[in-house]
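Understanding the architecture of this molecule
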Amino acid sequence: MTGSYPNTRLRRTRATGWSRALHRETVLTPADLIWPLFVTSGTGVEEPIATLPGVSRWSVDGIVARAKEAVDLGIPVVALFPNTPRELRSDDGAEAHNPDNLMCQAIRAIKDACGDSIGVLTDVALDPYTSHGQDGLVNDAGYVVNDATVAMLVDQAVNQANAGADIIAPSDMMDGRIHAIRMALEMNGHPNVQIMSYAAKYASAFYGPFRDAVGSGGLLKGDKKAYQMDPANADEAMREVALDIAEGADSVMVKPGLAYLDIIYRVKQRFDVPVFAYQVSGEYAMIEAAQAAGIGDRDALVLEKLIAFKRAGCSGILTYHAAHVARLLNG
Ligand code: PBG
């Protein structure tokens with residue numbers, strides 16, 4: 001209830017720093033952050049990514065060092081994405097099932113070094129492994145087929161869980177994959193492996209730098225509109241989320257982030273499940289571009305955007321700024 005002026009002066013509680021701190025409704029801490037990391041082959045390798053200034057691909061030893069850094073900063077989870085060597089990419093993305101692929105090497109190395117002091121989230125989709133850059137199997141008409149792709153994703157997920165993944169995050173948008181993956185995890189001795197589904201993932205123009213980072217950008221012909229969602233739709237996102245929860249997701253993700261705050265808010269209000277936002281590569285790159293162009297202050301921009309996700313209802317945020325932000329928050 002709000003009274004009328006001058007009984008009520010909303011500026012009273014805003015007048016001093018201590019009072020603003022006292023009345024703050026939302027907080028951001030390092031424990032809210034998930035740090036996406038790109039894995040590359042070799043040892044002692046760091047490859048800066050031109051379209052993601054400040055972000056590099058690291059060989060497995062470097063990934064372990066980043067994971068230890070995350071632990072020290074209070075970041076609870078890292079998310080892994082492999083840049084599969086070109087010669088190991090194929091039409092069917094079979095490298096995704098190799099128990100010794102880059103992803104599995106990185107998972108095992110982190111778990112050996114850090115144990116349960118950090119969670120490892122792994123992306124499930126075929127695009128880092130296919131020669132065509134699509135997330136699934138493509139038929140002669142160029143269409144990504146659903147059910148045969150789901151069978152591949154199930155094997156990919158079990159392969160990651162066997163290597164020690166803590167959270168399986170299917171980003172492919174196939175129908176029915178959460179149920180299939182959940183059943184396979186149960187049957188393969190992984191009852192406590194979580195599923196964070198990319199439930200509402202949109203066919204977005206903000207993914208460009210990511211596709212450079214995993215090396216699929218140059219390979220991809222066409223778009224992903226026959227499986228990722230139309231940015232015009234919100235009711236449909238509620239149906240995606242409802243299905244994924246019913247099929248066994250422990251948490252859901254909305255992606256991209258800032259342009260979809262209404263979706264985050266609606267999901268949280270309607271389903272009362274943990275919701276995460278992915279502040280994607282294009283969002284990161286735009287902040288860096290603003291800083292470089294002198295039209296915005298990186299730190300202030302990032303903190304304002306991340307608190308917006310918390311305010312909208314997020315339990316946490318995947319962001320390439322995670323380590324930087326954790327340092328800011330830790331003072
Ligand atoms: C792949 C995947 C994508 C992202 C995460 N997993 C790209 C895509 O769907 O083309 C994008 C992340 C980002 O842009 O930061 N399934």
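Residues numbered from 1 in each chain as written. Predicted model: local features only at pLDDT ≥ 70, side-chain atom pairs only at ≥ 80, totals over all residues. Heavy atoms only, no water.

Take the nonpolar core next. In this structure, Leu80, Ile110 and Ile263 are the most contacted members of the largest nonpolar core, which totals 79 residues. With 24 residues, the next largest nonpolar core counts Leu52, Val214, Met253 and Phe276 among its residues. (Core = buried A, V, L, I, M, F, W, Y, C linked by side-chain atoms within 4.5 Å. Buried < 20%, exposed > 50% of the residue type's maximum accessible area, 1.4 Å probe, protein only.)

Counting across every chain of the model gives 14 salt bridges. Ionic pairing is found between Glu69 and Arg66, a salt bridge with its closest N-O pair at 2.8 Å. Of this pair, Glu69 and Arg66 both sit in helix α2 (residues 60-73), three residues apart, roughly one helical turn. A residue is classified by how much of its surface remains accessible, and Arg66, at 15% relative accessible area, is buried. As a salt-bridge pair, Arg266 and Asp235 come within 2.8 Å of each other at their nearest N and O atoms. Remark: Asp235 occurs in helix α7 (residues 235-247) and Arg266 occurs in helix α8 (residues 261-271); sequence separation between them is 31 residues. Residue class for Asp235 comes out exposed when judged on its relative accessible area of 54%. One network of salt bridges, in which partners are shared, links Arg66, Glu69 and Arg327. (Salt bridge = Lys/Arg side-chain N within 4 Å of Asp/Glu carboxyl O. Helix = DSSP H or I, 4+ residues; strand = E, 2+ residues; numbered from the N terminus.)

Okay, helix α4 (residues 146-163) next. Every α-helix winds through 3.6 residues per turn, so residues three or four apart in the chain are directed the same way. Its 18 residues give α4 an end-to-end C-alpha distance of 26 Å, which sits within 8% of 26 Å, the value for a rise of 1.5 Å per residue. Residues of α4 that are buried in the fold lie against α3 (102-114), β5 (119-124), β6 (167-170) and α5 (177-187). Backbone geometry just downstream of α4 places Gly164 in the positive-phi region, at approximately 120°. (Expected span 1.5 Å × (residues − 1). Contact = heavy atoms within 4.5 Å.)

The next subject is a positive patch on the surface. A contiguous patch of positive charge, built from Arg9, Arg11, Arg12 and Arg14, is present on the exposed surface. Within the fold, Arg11 resides in the segment before α1 (17-23). What makes Arg11 exposed here is its relative accessible area of 66%. (Patch = residues over 30% accessible without salt bridge, like charges linked within 9 Å, V, L, I, M, F, W, Y side chains within 5 Å. Areas by Shrake-Rupley, 256 points an atom, 1.4 Å probe, with all protein chains shown as cover. Lys, Arg positive; Asp, Glu negative; His and termini not counted. Charge placed at Lys NZ, Arg CZ, Asp CG, Glu CD.)

The local shell around the ligand holds 17 residues, among which Lys201, Arg211, Lys224, Lys255 and Tyr320 are the closest. Residue Ser171 places a side-chain N or O atom 2.8 Å away from a nitrogen atom belonging to the ligand. One of the side-chain N or O atoms of Lys201 is found 2.7 Å from an oxygen atom in the ligand. Calculation on the ligand without its partners gives an accessible area of 410 Å², and the protein chains cover 100% of this total. Partitioning the shell around the ligand into residue classes produces seven nonpolar, three polar and seven charged. (Near = heavy atom within 4 Å. Polar contact = N/O pair within 3.5 Å; in protein donor to acceptor, adjacent residues only side chain to side chain. Nonpolar A, V, L, I, M, F, W, Y, C, P; charged D, E, K, R; others polar.)

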